[in-house]
Amino acid sequence: MPVRIRTAQQHMAMFSVDADAAQRMIDYSGLTVCRYRPGKAVVVLMLMRYIDGDLGPYLEYGTNVMVNPPGSTASGLKALGEAGAFIHHLPVDGEFTMAAGRQIWGYPKLLADFTIRDGHSYSFDTHIDGQFAVGMDFKPGLPVPPAFTGKPQVHPTYSHLDGVTRLTSGEMTMSGVRYRPGGATVRLGEHPYGRELAALGFPKRAMFSGSARNVEMMFADAEEIA
């Protein structure tokens, strides 16, 4: 430790969802969703392509719910700025990273198959046990000046596995960043992951979407919090 990711690519989209539905989905964690507006929470869906890192190359899809720090009931946009990402879904296509993610950080990784289409636009499909779960289609965003995105940022992430909730701090530096309003379409399958997203109101319009040509990351040990 720490685990380092030297080269990765990211595609993500942020969505506004019903806060009560999101809370029901993650009640098992003991954490509280961040209500950035009355009755509304934020869910971030993303696809990471890890190219060079300590866990090897792999693909990873994530459903992330923004939550308050443990014990906090804060709300509003300021609270969202201090929130962390609770990782609810995290399928990957590599057995080593699945085992490491579960054992080191308590991330809910499981094996999946991915289909990537990378041309003028970008899209992916996620299949688990041969069943379509979720896919996304992205439109290209507008370049963001490096001065706004090039500084290292520390992001808290939360996970819950085998009855234990954990906090992991990760440092991230991004380059080649693009953002745009909307810009992402979600497709759902009949796998339980798809049905859980449907219960949040998906498919729905993204607040904004983005991509990063390269992401460097560093993960510390997980801390058990409950």
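These numbers were taken from a predicted model, which means no experiment stands behind them.

Draft legend 1. Molecular detail of the overall build of the protein. Along its length, the protein carries 5 helices and 14 strands. Computed over C-alpha atoms, the radius of gyration of the protein comes to 16 Å, within 12% of the 17 Å expected from 2.2 N^0.38 for 226 residues, which places it in the range of a compact globule. Counting only C-alpha atoms, the protein reaches 45 × 40 × 40 Å along its principal axes. A burial count over the protein gives 51% of its 226 residues as buried. Taking all contacts inside the protein whose residues are at least 6 apart in sequence as the whole, residues at least 24 apart take part in 68%. Carbon and sulfur atoms make up 53% of the accessible area of the protein, which totals about 10,600 Å². Taking the average location of the 21 positive side-chain charges in the protein and that of its 22 negative ones, the two points are 10 Å from each other.

Draft legend 2. Quick look at the pattern of salt bridges. Scanning the entire structure with this criterion turns up 7 salt bridges. Salt bridges linked by common partners bring R117, D125, D137 and R187 together as one network.

Draft legend 3. Helix 5 (residues 192–199), seen in detail. Looking at helix 5, one finds that the buried residues are Y193, G194 and L197. Down the axis of helix 5, the smallest arc covering the buried residues is 100°, so these residues share one side. Immediately downstream of helix 5, the backbone of G201 shows phi near 100°, a positive value.

Draft legend 4. Representation of helix 3 (residues 95–105). Taken together, the buried positions of helix 3 are T97, A100, G101 and W105. Each buried residue of helix 3 lies within a common arc of 100° when the element is viewed along its axis, so the set occupies one face. Residues of helix 3 that are exposed and point more than 90 degrees away from the buried face comprise E95 and Q103. Backbone geometry just downstream of helix 3 places G106 in the positive-phi region, at approximately 70°.

Draft legend 5. Region of interest: the environment of G189. For G189, the position within the fold is in the loop between strand 12 (184–188) and helix 5. Residues G189 and V65, spaced 124 residues apart in sequence, show a C-alpha to C-alpha distance of 20 Å. Once residues within four sequence positions are removed from consideration, G189 is found in contact with F132, A133, G194 and R195.

Draft legend 6. Representation of the pairing of strand 6 (residues 113–118) within the structure. Both strand 6 and strand 7 (residues 122–128) contribute to a ladder of 6 bridges, which runs antiparallel. What sits directly across from I116, in strand 7, is F124. What sits between strand 6 and strand 7 in their antiparallel hairpin is a turn of 3 residues.

How each quantity is defined
Residues numbered from 1 in each chain as written. Predicted model: local features only at pLDDT ≥ 70, side-chain atom pairs only at ≥ 80, totals over all residues. Heavy atoms only, no water. Helix = DSSP H or I, 4+ residues; strand = E, 2+ residues; numbered from the N terminus. Rg over C-alpha atoms; globule rule 2.2 N^0.38 Å. Buried < 20%, exposed > 50% of the residue type's maximum accessible area, 1.4 Å probe, protein only. Contact = heavy atoms within 4.5 Å. Areas by Shrake-Rupley, 256 points an atom, 1.4 Å probe, with all protein chains shown as cover. Lys, Arg positive; Asp, Glu negative; His and termini not counted. Charge placed at Lys NZ, Arg CZ, Asp CG, Glu CD. Salt bridge = Lys/Arg side-chain N within 4 Å of Asp/Glu carboxyl O. Arc of directions from axis to C-beta. Pairing = 2+ DSSP bridges.

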